[in-house]
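Here is what each chain is made of, one letter per residue.
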Amino acid sequence: MTNNKKKNLPPEQQKYQDFQQKREEKRPILKNCIKAFLIGGLICLIGQCISTFYLYQFNFTEQTVGNPTTATLIFITMLLTGFGVYDRIGQFAGAGSAVPVTGFGNAVISAAIEHRTEGFILGVGGNMLKLAGPVIVYGVFSAFVVALIKTILIQWGGL
């Protein structure tokens, strides 16, 4: 808070602000960024290893290897979330564990686990896509718009 704003506060609020600033724990921002970068990079490295494995062991092409790699990463994330391991990774790595595909898998299975006591239809089925649903809708809509623009450019633009 700037000094100008502090001067405009009533004395009791100013005392409280000073007290709070003295007691506030400083966050290790650089350390958190480094951990997020390393764990996020490790997740991406694991994805690249899975992709390379599929590419050479199952004769996928570079264009087709992405789908099974993504499905495998989501499956691994869901298993780790179910066993409580991914939560510890998330606590340690912060935003680094929210690499899009693994963060998606974690969000879906966490909601499913949380609401399983309410039944499979209303609990699991009704709640597991509350967080991930908007992401899916946005992804599908964005893909539609990009495909539409590409089609227009190819048909009318001669690309």
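Notes on the structure follow. Being a predicted model, the structure only gives us computed values, none of them experimental.

**Some words on the overall build of the protein**
So, point 1. A tally of regular secondary structure across the protein gives eight helices and zero strands.
So, point 2. Listing every helix and strand of the protein by position from the N terminus yields α-α-α-α-α-α-α-α.
So, point 3. Computed over its C-alpha atoms, the radius of gyration of the protein comes to 23 Å, more than 25% above the 15 Å expected for a compact globule of 159 residues.
So, point 4. Overall, the protein is about 70 × 50 × 35 Å in size when its C-alpha atoms are taken along their principal axes.
So, point 5. Looking at the 159 residues of the protein, the share that counts as buried comes to 25%.
So, point 6. Excluding contacts between residues fewer than 6 apart, the proportion of contacts in the protein whose partners are at least 24 apart in sequence is 47%.
So, point 7. Counting 14 positive and 8 negative side-chain charges, the protein places the centres of these two groups 7 Å from one another.

**Considerations on the layout of surface pockets**
One simple way to see leftover space: roll a probe sized like a water molecule over the atoms.
So, point 1. Each pocket or cavity is described by its volume, and for the largest pocket that value is around 180 Å³.
So, point 2. Taken together, Ile39, Leu42, Ile43, Ile46, Leu73, Ile76, Thr77, Leu80, Tyr86, Ile89 and Thr102 make up the lining of the largest pocket.
So, point 3. Residue composition of the lining of the largest pocket, by class: nine nonpolar, two polar and no charged.

**Comments concerning the environment of Phe104**
So, point 1. Note that Phe104 resides in helix H6 (residues 100-114).
So, point 2. Relative accessible area serves as the criterion here: at 25%, Phe104 is assigned to the partly exposed category.
So, point 3. Residues Phe104 and Met78 lie 26 residues apart in sequence; the distance between their C-alpha atoms is 9.5 Å.
So, point 4. Discounting residues that sit within four places of it in the chain, Phe104 has contacts with Ile74, Ala132 and Ile136.

**Topic: the packing of aromatic side chains**
Think of a pair of aromatic rings as described by two things: how far the centres are apart, and how the planes are tilted against each other in angle.
So, point 1. What the rule picks out here adds up to four aromatic pairs.
So, point 2. Centre to centre, the rings of Phe53 and Phe58 are 5.8 Å apart; their planes meet at 80°, and the pair counts as edge-to-face.
So, point 3. Overall, Phe53 belongs to the partly exposed group, its relative accessible area being 45%.
So, point 4. When the centroid spacing of 5.7 Å and the interplanar angle of 55° are considered together, the rings of Tyr54 and Phe58 count as tilted.
So, point 5. Residue Tyr54 is classed as buried on the basis of its relative accessible area of 16%.
So, point 6. In textbook terms, an aromatic cluster arises when at least three aromatic residues are bridged by ring pairs, as seen for Phe53, Tyr54, Phe58 and Phe60.
So, point 7. Between the NZ or CZ atom of Lys35 and the centre of the ring of Phe92, over which it lies, the distance is 4.6 Å.

**Some thoughts on the environment of Cys33**
So, point 1. Tracing the backbone shows Cys33 in helix H3 (residues 29-57).
So, point 2. As a C-alpha pair, Cys33 and Ala95 span 62 residues in sequence and 8.5 Å in three-dimensional space.

**Notes on unusual backbone geometry**
So, point 1. The phi dihedral of Asn59 is positive, around 55°, even though this residue is not glycine.
So, point 2. By relative accessible area, Asn59 is classed as exposed at 67%.

**Quick look at helix H4 (residues 66-82)**
So, point 1. Along its 17 residues, H4 runs 24 Å from first to last C-alpha, staying within 8% of the 24 Å computed at 1.5 Å per residue.
So, point 2. All of the buried residues in H4 are Pro68, Thr69, Thr72, Leu73, Ile74, Thr77 and Thr81.
So, point 3. The inward-facing, buried residues of H4 contact H3, helix H5 (85-93) and H6.
So, point 4. The positive-phi residue at the C-terminal boundary of H4 is Gly84, with phi of around 85°.

What counts, and where the lines are drawn
Residues numbered from 1 in each chain as written. Predicted model: local features only at pLDDT ≥ 70, side-chain atom pairs only at ≥ 80, totals over all residues. Heavy atoms only, no water. Helix = DSSP H or I, 4+ residues; strand = E, 2+ residues; numbered from the N terminus. Rg over C-alpha atoms; globule rule 2.2 N^0.38 Å. Buried < 20%, exposed > 50% of the residue type's maximum accessible area, 1.4 Å probe, protein only. Contact = heavy atoms within 4.5 Å. Lys, Arg positive; Asp, Glu negative; His and termini not counted. Charge placed at Lys NZ, Arg CZ, Asp CG, Glu CD. 1 Å grid on protein atoms, 1.4 Å probe; cavity = no way out; pocket = protein on both sides within 12 Å on 5 of 7 lines; lining within 4 Å. Points joined across faces, edges and corners; volume = space filled by probe spheres on them. Nonpolar A, V, L, I, M, F, W, Y, C, P; charged D, E, K, R; others polar. Phe/Tyr/Trp six-rings, centres within 6.5 Å; stacked < 30°, edge-to-face > 60°. Lys NZ or Arg CZ within 6 Å of the ring centre and 35° of its normal. Expected span 1.5 Å × (residues − 1).

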